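# An overview of the molecular structure
Take a look at the letters that make up each chain.
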Amino acid sequence: MEEMDSAEKRLRELGYKQELRREMTMFKTMTISFSTMSLLAASTALYGPSLLYAGPAALVWGWVVVSFFTWFVGIAMAEICSSFPVRWTLTYFYCCFELYLSLEHCYNLDRGLHFSKSLILFIIYAPKMTINITGRTQVLQVIILLSTGTNKNGGYLAPKWLFYCMYVSVMIVMAVFNTFALQVIAFLDIISIWWQVIGGVVIVILLPVVSLKRQSTSYVFANFQLAPESTGITSKPYAIILSLLMSQFSFYGYDAAAHLTEETKEAGKNGPIAILSTIGIVSVFGWAYILALTFSIQDFDYLYDPNNETAGSYVPAQILYDAFYGRYHSPIGAIILLFVIWGSTFFSGLSSLTSAARMIYALSRDNGVPFSSFWRKLHPRRKVPANAVWLSVIICIILGLPILKINVVFIAILSISTVGWVGGYAIPIFARMVMEEEKFNPGPFYLGKRVARVICLVAFIWICYNCVVFILPTIYPISWMNFNYAPIALGVTLGLIMIWWIVDARKWFKGPVRNIDVNV
C-alpha cells in the first residue's frame with residue numbers, strides 16, 4: 001500500500017479530505033508562483049509612472065528596500081504555509097487564531113473577521129488579474145503601433161473598443177487553458193519560468209549593449225529628479241514614497257504556492273521552498289531589469305512626450321525603441337523584446353487565473369461566498385474548479401469596462417488590489433506573532449519562538465505601511481479625475497460586508513467547514 005503524503009495527513013488532521021490531484025512537484029509549484037509574480041509584467045507596466053515621481057535613484061534603490069522587507073513577509077508566510085499546507089493557507093490560520101481567542105465572544109469576532117476577509121480576498125483577486133491583463137493588452141497595443149509605422153509615421157494605435165476586445169479575447173484564451181488538466185498549466189508554467197528568466201537575461205544584457213548612450217552610475221544611483229509639472233508633487237520624501245509603488249506591487253503573488261498546497265507533494269516542505277525561491281529570483285532579476293532600462297535611457301523628457309514613437313504611453317517600449325532604432329535604424333529588435341515581455345505578461349495572467357480559481361474554490365468550500373455549492377464544483381474528469389475559473393473571467397471582463405473610459409480607475413483598482421492582497425497577509429502574521437507558542441503546530445519549516453516574533457513584527461509593520469501608502473493621492477492638485485478612490489471603494493466594500501454579516505451572514509457562516517471526521 002502506498003504511503004500517504006505527509007501534507008495529505010496534515011490535511012486530514014485539519015478536517016479536509018484529499019479531493020484534488022496531488023501531483024505538483026516543488027519546481028512546478030514554484031513556476032506557477034513565479035509566473036504569478038512575473039519578472040517582467042508588473043515592473044514594465046509601472047516603470048514609467050514610478051520613474052516620473054522621483055527619478056532613477058529612487059526607483060533603483062526603492063527596489064532594494066522593498067526586496068529587503070518582502071523577505072520578512074515571505075519568511076513569515078513560509079512558516080505558516082509549512083504548518084498549514086492547505087489550499088488558501090490563510091483560511092486555516094484563522095483557526096489557529098480561534099485557539100488564541102478562546103472566549104465565545106472572541107470566537108464570534110474572529111468568525112466575522114474570517115467572513116469579511118473571505119469576501120475581500122474574493123473581490124481583490126479579480127482586480128489583480130485585471131491589472132495584469134490590462135498591462136498585457138497595452139504591450140500588444142504598442143507592438144501593433146511599432147509594427148505598422150510608429151506614432152510618428154502613421155502607425156496604427158488601437159482604439160479603446162479594439163483594446164477592450166483584445167482584453168476580452170486574452171481572458172477567454174486563459175480561461176480555456178485553465179479548464180484543462182492542471183498538468184497543462186504546470187507545463188506552461190515551466191515554459192514560463194524559462195521564458196522569463198532567459199528573456200529577462202537577454203534584455204538585461206542586450207539592451208545596454210545596443211544603446212548608443214549609457215547613463216552614468218551617478219545618474220542611475222544618485223539622481224533624484226522630481227517632475228512637479230506632471231505630478232504636482234514638490235516634496236521629495238513624498239515623491240520617493242510614491243516611486244516605490246511599482247516595486248511594492250511587483251512583489252505580490254508569491255503566495256500562489258500556498259494556494260496550490262493541496263496539489264503539491266510534500267507541501268509542508270515544498271510550499272515554503274517555492275515561496276522563498278520565487279522571492280529570491282524576482283529580487284535579483286527584477287533589480288537587474290530595472291538597471292538595464294535605466295542605464296539605457298537616451299532622453300528622459302522624450303520618454304513621456306505624447307508625440308514620440310510610442311505616443312508617450314509606454315516608457316519601457318520607448319527605451320527599447322530608442323536603443324534599437326538609434327543603432328540599427330530599425331524597430332525590429334524592440335518589437336522582438338516587447339514580444340518577450342508580452343509573453344511574460346500572458347504567463348503571469350495564466351497563473352493568476354489559476355490561483356484566483358483555487359481561491360474561490362477554497363472560499364466556496366467554507367461557504368464563504370454566495371452560491372458556494374456551484375463555485376466549488378470540480379470538473380468530474382479533470383478535477384479542476386472550472387466554474388470558479390469562469391467566474392473569475394467574468395468578473396475581470398466587467399472590471400475592464402470602466403478602465404477604458406476613466407484612467408483614474410486603473411489607479412484605484414491597483415490600490416484596492418494591493419491593499420486587499422497585502423492585508424490578507426497581515427492577519428495571520430499578526431496572529432502568529434501574538435499567540436502562545438504551544439498553540440502553534442510547526443511544520444518542517446519552523447523559525448522558533450524568538451525569531452518568528454521578530455520577523456512577524458517587522459513584516460506586520462511593513463504591511464501596515466503598504467496599506468497606508470497605496471491609498472495616498474498620486475497626483476496633485478487633487479481633482480475628481482485624478483483622485484485615488486481606493487479608500488472610498490474599500491470603505492464601501494467593508495461597510496456592505498459588515499452590514500451583510502450583521503443582518504444575515506452571521507446566522508449561517510460558521511467558518512472553515514470540515515468534510516471529514518478528524519477523529520477517524
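It should be noted that the structure appears before, not after, this text.
Let me begin by describing the structure that accompanies this report. (Residues numbered from 1 in each chain as written. Predicted model: local features only at pLDDT ≥ 70, side-chain atom pairs only at ≥ 80, totals over all residues. Heavy atoms only, no water.)

## Here we look at a nonpolar patch on the surface
A surface patch of nonpolar side chains, about 570 Å² in accessible area, is lined by Ile488, Val492, Leu496, Ile499, Ile502 and Val503. Tracing the sequence through the fold places Ile502 in helix 20 (residues 486-503). (Patch = residues over 30% accessible without salt bridge, like charges linked within 9 Å, V, L, I, M, F, W, Y side chains within 5 Å. Areas by Shrake-Rupley, 256 points an atom, 1.4 Å probe, with all protein chains shown as cover. Salt bridge = Lys/Arg side-chain N within 4 Å of Asp/Glu carboxyl O. Helix = DSSP H or I, 4+ residues; strand = E, 2+ residues; numbered from the N terminus.)

## Examining unusual backbone geometry
The omega torsion of the bond from Tyr476 to Pro477 falls at -10°, within 30 degrees of zero and hence cis. In this structure, Thr150 is a non-glycine residue whose phi angle is positive, near 70°. By the element assignment, Thr150 lies in the loop between helix 5 (104-147) and helix 6 (160-179). Looking at Thr150, the relative accessible area reads 4%, which means it is buried. Phi angles above zero are rare outside glycine, and His329 is one such case at about 55°. Looking at where His329 falls in the secondary structure, it is placed in the loop between helix 14 (315-328) and helix 15 (332-365). Judged by relative accessible area, His329 falls into the exposed class, the value being 60%. (Buried < 20%, exposed > 50% of the residue type's maximum accessible area, 1.4 Å probe, protein only.)

## Quick notes on the nonpolar core
Nonpolar side chains tend to gather and get buried jointly when the protein is soluble and globular. Tyr47, Val73, Tyr425 and Ile429 are the most contacted members of the largest nonpolar core, which has 124 residues in total. Here this core gets 18 residues from one element, more than from any other, and that element is helix 3 (residues 41-83). Not counting chain neighbours up to four residues away, the residues in contact with Ile429 comprise Val73, Ala76, Met77, Ile80, Cys456, Ala459, Phe460 and Ile463. (Core = buried A, V, L, I, M, F, W, Y, C linked by side-chain atoms within 4.5 Å. Contact = heavy atoms within 4.5 Å.)

## Here's the deal with the side chain of Gln141
Structurally, Gln141 can be placed in helix 5. Classification of Gln141 by relative accessible area gives buried; the value is 11%.

## Overview of the packing of helix 6 against helix 15
Packing of helix 6 against helix 15 brings their axes to within 10 Å, and their N-to-C directions diverge by 60°. On the basis of their axis angle, the class for helix 6 and helix 15 is oblique. Here the hand of the crossing between helix 6 and helix 15 comes out right-handed. Contacts between helix 6 and helix 15 involve Val170, Val173, Met174, Ala175, Phe177 and Asn178 from the former and Phe346, Gly349, Leu350, Leu353, Thr354 and Arg358 from the latter. Split into classes, the residues belonging to the contact of helix 6 with helix 15 amount to 8 nonpolar, 3 polar and 1 charged. (Axes fitted to C-alpha atoms, helices over the stretch in contact; angles between N-to-C directions. Parallel < 35°, antiparallel > 145°, perpendicular 65-115°, else oblique. Left-handed = near helix turned anticlockwise from the far one by under 90°. Nonpolar A, V, L, I, M, F, W, Y, C, P; charged D, E, K, R; others polar.)

## Some points on the pattern of salt bridges
Enumeration over the complete set of coordinates arrives at 2 salt bridges. Residue Glu79 pairs with Arg432 through a salt bridge whose shortest N-O separation is 3.0 Å. With Glu79 in helix 3 and Arg432 in helix 18 (residues 408-434), this pair connects stretches of sequence that are 353 residues apart. Both residues of the pair, Glu79 and Arg432, count as buried. Lys152 serves as the salt-bridge partner of Glu309, at 3.9 Å between the closest nitrogen and oxygen. Taken together, the positions of Glu309 in the loop between helix 13 (267-295) and helix 14 and Lys152 in the loop between helix 5 and helix 6 put the pair 157 residues apart, joining distant regions of the chain.

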